[in-house]
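Here is how the chains run, residue by residue.
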Amino acid sequence: LLRAVAIDPNNSDGLIALGLAQLQLKQVPKAIESLQKATKSAPKNLDAWATLADVQFGQRDFKGALATLDAGLKAVGDQPVLLEKAVATSMMLNDPKLGIGYAERSLKVVPSYKQGWLNLAQLAMLAGDGDKSIAAARQLLTLDPTHWEAWFHLGNVYDALPDEAKAIEAYQKALKSQPNNWRVLMNVAWTLLQEVDKAEWGEAKDLVDKANAVTP
C-alpha cells in the first residue's frame, strides 16, 4: 500500500486502505494522517470523511471527530451517514442541543428514518424540550403505530411531567408490542406505585414479578 500511494499520492481509496491497515497495526497517528490525506485528495469522497471520523471517535477524540464531520458535511452536503455520526458524537460530548440540530438536518433529507425520529425525541428530552420530544415521538408513531420504543419514550416523558395517566397509557401500548420487556414492565409498575389508589399496587406487584422472571 505504501508503494501504491507513493506511485499515486492522490488516490483516496488507496489512502483509505492504507489508513485502515495502519489502524489494524495500532499505528493510530499514521492511520489518521493517511485518512486526512484521503479527505484532502478527494474532498467529495464520503467514505474518506466517514472513516476518518470513525477512527477519531474510536480514539475518543470526539471534538476532532465532530470537526471532521462538519468539514465533510461542508464538502459533500447533508449526507445522512455523516449526520448520524454527528448525532452520536454530540451525545458523547454531552451536548443534546447540538445533536438536535444534526438530527433535524438528517430528517429533512430522510423524513421516513425511524431511528432519526427516536434520536430527536431522546435528544429533545435531554435538552429539556418536552414539546419537541413528544412531537418527534408522535411523528415516529405516524410511520409505525406499533413502535414500542416510541411508546416507551412517550411514557418516560409523561412520567417526568408528571402525567401518570398518559404515562401508563403509553407504557401499556409499548407492552402490547413487547409483553415480556422487563424495562417496560418495571416502568409501568413504578408508575402504578405512584397512584394513590392502593388497588393499583397489586397490579404493580404482578408486573414486578413478571419482570423479575424475564430480567437478565
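See the structure above.
Summarised in this report is the structure supplied together with it. Given the structure is predicted, the values throughout are model-derived calculations rather than measurements. (Residues numbered from 1 in each chain as written. Predicted model: local features only at pLDDT ≥ 70, side-chain atom pairs only at ≥ 80, totals over all residues. Heavy atoms only, no water.)

**Re the packing of aromatic side chains**
Note the threshold: Only the six-membered ring of Trp is used, alongside the rings of Phe and Tyr, when aromatic pairs are assigned; centres must lie within 6.5 Å, and planes under 30 degrees apart are stacked while those over 60 apart are edge-to-face, with the rest tilted. The helix and strand labels rest on DSSP assignments: H or I over at least four residues marks a helix, E over at least two residues marks a strand, and numbering proceeds from the N terminus. To sort residues, take the accessible area from a 1.4 Å probe on protein chains only and compare it with the maximum for the residue type: under 20% means buried, over 50% means exposed, and anything in between is partly exposed.
If you walk through the whole model with that rule in mind, you get three aromatic pairs. Arranged with centres 5.1 Å apart and planes meeting at 65°, the rings of Phe-57 and Phe-62 form a pair that is edge-to-face. Between the aromatic rings of Trp-148 and Phe-152, the centroid separation amounts to 5.9 Å while the plane-to-plane angle is 55°, which identifies the pairing as tilted. You can see Trp-148 and its partner Phe-152 sitting in helix α10 (residues 148–160), four residues apart, about one turn around the helix. A single burial state applies to Trp-148 and to Phe-152, both of which are buried. Grouping aromatic residues by their ring pairs yields a cluster made of Trp-148, Phe-152 and Tyr-171.

**Some remarks on the pattern of salt bridges**
Applicable threshold: Each reported salt bridge corresponds to a side-chain nitrogen of Lys or Arg within 4 Å of a carboxyl oxygen of Asp or Glu.
Applying the stated criterion across every chain yields a total of seven salt bridges. Residue Asp-144 pairs with Lys-114 through a salt bridge whose shortest N-O separation is 3.5 Å. Of the two residues, Asp-144 is situated in the loop between α9 (130–143) and α10 and Lys-114 in helix α8 (residues 114–126); the sequence distance between them amounts to 30 residues. The class for Asp-144 is buried, based on a relative accessible area of 17%. Under the relative-accessibility criterion, Lys-114 is labelled partly exposed at 35%.

**Description of the packing of helix α4 (residues 46–58) against helix α6 (residues 80–92)**
When two helices pack together, their arrangement is given by the angle between their axes and by how far apart the axes lie. The test is simple: Axes here refer to lines fitted to C-alpha atoms; in helices the fit is confined to the stretch in contact. Angles between the N-to-C directions go from 0 to 180 degrees. If an angle is under 35 degrees, it is roughly parallel; if it is over 145, roughly antiparallel; if it lies from 65 to 115, roughly perpendicular; otherwise it is oblique. Throughout, a crossing is termed right-handed when the near helix is turned clockwise from the far one, and left-handed when it is turned anticlockwise from it by less than a right angle. Between two residues, a contact is recorded if the distance between any of their heavy atoms is within 4.5 Å.
For the pair α4 and α6, interaxial distance at closest approach is 10 Å and the crossing angle is 15°. Taken as axis vectors, α4 and α6 run roughly parallel relative to one another. Between α4 and α6 lies a crossing whose hand is left-handed. Residues Leu-46, Trp-49, Ala-50, Asp-54 and Phe-57 of α4 touch α6, and the partners they reach there are Val-81, Leu-82, Lys-85, Ala-88, Thr-89 and Met-92.

**A short note on the environment of Asn-10**
Following the sequence through the fold, Asn-10 ends up in the loop between α1 (2–7) and α2 (12–24). Along the chain, Asn-10 and Ala-88 lie 78 residues apart, while their C-alpha atoms are 30 Å from each other.

**A word on the side chain of Thr-89**
The criterion, for reference: Polar contacts here mean pairs of N or O atoms no more than 3.5 Å apart (in protein, one a potential hydrogen donor and the other a potential acceptor; neighbouring residues in sequence count only if both atoms are side-chain atoms).
Here Thr-89 lies in helix α6. Looking at Thr-89, its side chain comes within polar contact range of the main-chain oxygen of Lys-85, at 2.8 Å. In contact with Thr-89, not counting residues within four places along its chain, are Phe-57, Phe-62, Ala-65, Leu-66 and Leu-69.

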